[in-house]
Amino acid sequence: MNVTDPIADMLTRIRNANSAGKATVSMPSTKVLVEVARVISEEGYVEGYVVEDTKPQKTLTLTLKYGQRRAKAIKGIRRISKPGLRIYSAAEDLPRVLGGLGTAVISTSKGMMCDRDARKKGVGGEVIAYIW
């Protein structure tokens, strides 16, 4: 299966697995997807991620996080910068998701990071996704 936008595919798989109440979600792995998984894991939206060496391609498996009574840790997830329309933001103009309650995943020259870290380091970049 040839996917033109692997980040959108990843976010859709997470959204679908989260709404279905699944414990884990798997997808083909790339370096960019592993970095997005690292950021959302550090922000506490997923319990963790594992890259498994399978054939013909590595597999990225995310363990979703739920609270008491199966309350979802991820309320929403949205792709912002798309292949047809890239969205860039300067360090001082980085978006605040839900007034700071959510997280924006930013691809910067210093690597993939959340909006708070990018603001702290004073770097801007491509706004990949919002998660809340």
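Calculation criteria
Throughout, a residue's number is its position along its own chain's written sequence, starting from 1. Local features in a predicted model are, by the rule used here, given only for residues with pLDDT of at least 70; side-chain atom pairs are given and counted only at 80 or more, and totals for whole chains, interfaces and linings are based on all residues. Heavy atoms from the whole structure form the basis of all side-chain values; hydrogens and water molecules are not counted. Put simply, DSSP H or I for four residues or longer makes a helix, DSSP E for two residues or longer makes a strand, and each gets a number counted from the N terminus. For a compact globule the rule gives 2.2 Å times the number of residues to the power 0.38, and the radius of gyration it is set against comes from C-alpha atoms. The protein chains shown are the only cover counted for residues, whose accessible areas, like all others here, come from Shrake-Rupley with a 1.4 Å probe. For the purpose of charge, His is not counted, nor are the chain termini; Lys and Arg are scored as positive and Asp and Glu as negative. One atom stands in for each charge, and that atom is NZ of Lys, CZ of Arg, CG of Asp or CD of Glu. Every helix has an expected span of 1.5 Å times one less than the residues it contains. Throughout, exposure labels follow a simple rule: accessible area from a 1.4 Å probe, protein chains only, divided by the maximum for the residue type, with under 20% read as buried, over 50% as exposed, and the rest as partly exposed. Arc definition: directions from the helix axis to the C-beta atoms.

*Asks:* Lay out the overall build of the protein chain with the relevant residues and their values.
*Replies:* Summing up its helical and strand segments, the protein chain has three helices and eight strands in all. Reading the protein chain from its N end, one meets helices and strands in the order α-β-α-β-β-β-β-β-β-α-β. For 132 residues, the compact-globule estimate of 2.2 N^0.38 gives 14 Å, and the C-alpha radius of gyration of the protein chain, at 15 Å, lies within 12% of that figure. Accessible area of the protein chain: about 7,600 Å², with a carbon and sulfur share of 51%. Mean positive and mean negative side-chain charge positions of the protein chain (22 and 13 charges, respectively) differ by 5 Å.

*Asks:* Which residues make up helix α1 (residues 6-20), and what values go with them?
*Replies:* Along an α-helix, residues three or four positions apart point the same way, because every turn accommodates 3.6 residues. In this model, α1 (15 residues) spans 21 Å end to end at C-alpha, consistent with the 21 Å of a helix rising 1.5 Å per residue. What α1 keeps buried is the set Ile7, Met10, Leu11, Ile14, Ala17 and Asn18. Across the axial projection of α1, the buried residues extend over an arc of 135 degrees, all falling on one side. In α1, the exposed positions that point more than 90 degrees away from the buried face belong to Ser19 and Ala20. Taken from the residues just after α1, glycine 21 is the one with a positive phi, measuring 80 degrees.

*Asks:* Any chance you could break down unusual backbone geometry for me, citing the residues and the numbers?
*Replies:* The residue after lysine 55, namely proline 56, is reached through a cis peptide bond having omega 0 degrees. Counting through the fold element by element, proline 56 comes out in the loop between β2 (46-52) and β3 (59-64). One non-glycine residue with positive phi stands out, namely arginine 69, at about 55 degrees. Position of arginine 69 among the secondary structure elements: in the loop between β3 and β4 (77-79). Owing to a relative accessible area of 84%, arginine 69 belongs among the exposed residues under this scheme. The backbone phi angle of arginine 70 is positive, close to 60 degrees, even though this residue is not glycine. Note on placement: arginine 70 falls in the loop between β3 and β4.

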